[in-house]
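# Inside the fold
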Amino acid sequence: MSLEALNWALNLAPVPMDSNGKPSPSCASVLVGLANHAAPDGTGAFPSTRRLVRYTRLSERTVRTALDRLEADHIISPCNPDIVAAYISRSDRRPQGWDLAMERVRTDLDAVDLKALEVQFPGISARVAAAKAAEREVSVYFSQHAGDDHEDEVQPLHPGATGCNQHSNGVQPARSRGAEAAPEPSKEPDNEPPPPAKARARPSVSGNNLGPGGGSPNSRQEPRHVTLIKQFFADLGSGWPLSDRQARRLTPAISDALANGWDATVLAEHVGGNSRGVRNPYAVLSARLADLPAPPRKPPGSPHGRTVAEATTPVCAHGDPRPGECALCRRGIAPEDVP
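Here is a short report on the structure shown in this document.

About the thresholds
- Residues numbered from 1 in each chain as written.
- Predicted model: local features only at pLDDT ≥ 70, side-chain atom pairs only at ≥ 80, totals over all residues.
- Heavy atoms only, no water.
- Helix = DSSP H or I, 4+ residues; strand = E, 2+ residues; numbered from the N terminus.
- Contact = heavy atoms within 4.5 Å.
- Salt bridge = Lys/Arg side-chain N within 4 Å of Asp/Glu carboxyl O.
- Buried < 20%, exposed > 50% of the residue type's maximum accessible area, 1.4 Å probe, protein only.
- Core = buried A, V, L, I, M, F, W, Y, C linked by side-chain atoms within 4.5 Å.
- 1 Å grid on protein atoms, 1.4 Å probe; cavity = no way out; pocket = protein on both sides within 12 Å on 5 of 7 lines; lining within 4 Å.
- Points joined across faces, edges and corners; volume = space filled by probe spheres on them.
- Nonpolar A, V, L, I, M, F, W, Y, C, P; charged D, E, K, R; others polar.

Below, the discussion takes up the environment of Asp 41. Within the secondary structure, Asp 41 is located in the loop between helix H2 (25–35) and helix H3 (49–56). Note: C-alpha distance between Asp 41 and Glu 103 (62 residues apart in sequence) is 9.5 Å. Beyond its immediate chain neighbours, meaning those up to four positions away, Asp 41 contacts Leu 100 and Met 102.

With that out of the way, let us pick up the pattern of salt bridges. The full count for this structure, using the stated rule, is five salt bridges. A salt bridge links Arg 64 to Glu 60; the shortest N-O distance between them is 2.9 Å. Of the two residues, Arg 64 and Glu 60 both sit in helix H4 (residues 60–72), four residues apart, roughly one turn of that helix. The exposure class of Arg 64 is partly exposed, given its relative accessible area of 42%. Taking the shortest distance from any N to any O, the salt bridge between Asp 92 and Arg 90 comes out at 2.8 Å. What makes Arg 90 partly exposed here is its relative accessible area of 43%.

To continue, consider the nonpolar core. In terms of nonpolar packing, the biggest core is built from 31 residues, with Trp 8, Leu 31 and Leu 100 touching the most fellow members. Elements with a contribution of two residues or more to this core: helix H1 (3–12), H2, H4, strand S2 (98–100), helix H6 (111–117) and helix H7 (124–146). Excluding its chain neighbours within four sequence positions, the residues that come into contact with Leu 31 are Trp 8, Ala 9, Ala 13, Pro 14, Val 15, Leu 70, Ile 75, Ile 76 and Leu 100. With 17 residues, the next largest nonpolar core counts Phe 232, Leu 236, Trp 240 and Ile 254 among its residues.

Moving on: the layout of surface pockets. Over the atoms rolls a probe the size of a water molecule, and in doing so it shows where empty space is left. Computed from the structure, the largest pocket encloses a volume of approximately 1,100 Å³. Looking at the largest pocket, it is lined by 44 residues, and the ones nearest its centre are Asp 73, Arg 104, Arg 245, Arg 249 and Tyr 282. Elements with a contribution of two residues or more to the lining of the largest pocket: H1, H2, H4, strand S1 (76–78), H7, helix H10 (244–259) and helix H12 (281–290). Here the lining of the largest pocket takes seven residues from H10, the largest share from any one element. Grouping the amino acids of the lining of the largest pocket by side-chain chemistry returns 24 nonpolar, seven polar and 13 charged. Roughly 810 Å³ of internal volume is contained in the second largest pocket. Lining the second largest pocket are 29 residues, with Thr 65, Arg 69, Arg 279, Asn 280 and Ala 283 positioned closest to its centre. Elements with a contribution of two residues or more to the lining of the second largest pocket: H2, H4, H10 and H12. It is H4 that provides the largest number of residues to the lining of the second largest pocket, a total of six residues. The residue makeup of the lining of the second largest pocket, split by class, is 11 nonpolar, 10 polar and eight charged.

Below, the structure is given as structure tokens:
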């Protein structure tokens, strides 16, 4: 038993939140059970599930769910299997070993708690302050890049574009009398074409006039990966209710999947394929995102699967107007080798 790991689990360790926004008691109990078997640095804890059930008085299913949630929140991670093998020779009796993320601390401690813990954990106030600052940075980043989901709504015009003043009485100031006089209307018929109509304040919904984030091309452009993350959550649907904090926690895993070649819509269909019986959407999505296979390959005929050379070449070297579907190009046969 390690007092360092146990004290961390009892006083400083963060735990996943339940649907009511409060720390999960079952996860906290399971984490204390793991810390009871960990080394002083939090590594190599491998109590059996049966022992954790005896410690926590929880059901086996609840214990396994708590372990999954702790792993999904990166509070614990699988340890080196050689450590477990050094103590248990039979492979069929080796439990899963875990390492505790003792560098992480909870951020809901107030000044009174920090003063009491400072004696036992020197420097804990600075660690908690740094953790709170990191959470604020993530929150600000997400709020800035999540954008407004109402790009299609009419935006209010700038006050200077309407000619209306901002006085509370609503009275327009009188125009100067020194303005040039309007020209006399001509009696000759006007054969000149009418001037083009001025553009409306609302931007066109045409794809050519939209920026990457769906707004005006002259407005602040939204990064493409943020647009794809928003598309993922939109395609996920209402069957997976998530809080803002849970969505921010899922964002790094979604970004990694998109960087590895996953399409946002296909990724949402893969991880959100079956939501029946799911009691904790965040934990299930975290586990599915952490266990993703290789992204599915797109068919050769798909316009999104074409290379840059295929997209910019009108015809291939064999004369096929569809370079992405030319069988000779896919087989690597040069034009001079064609009989």
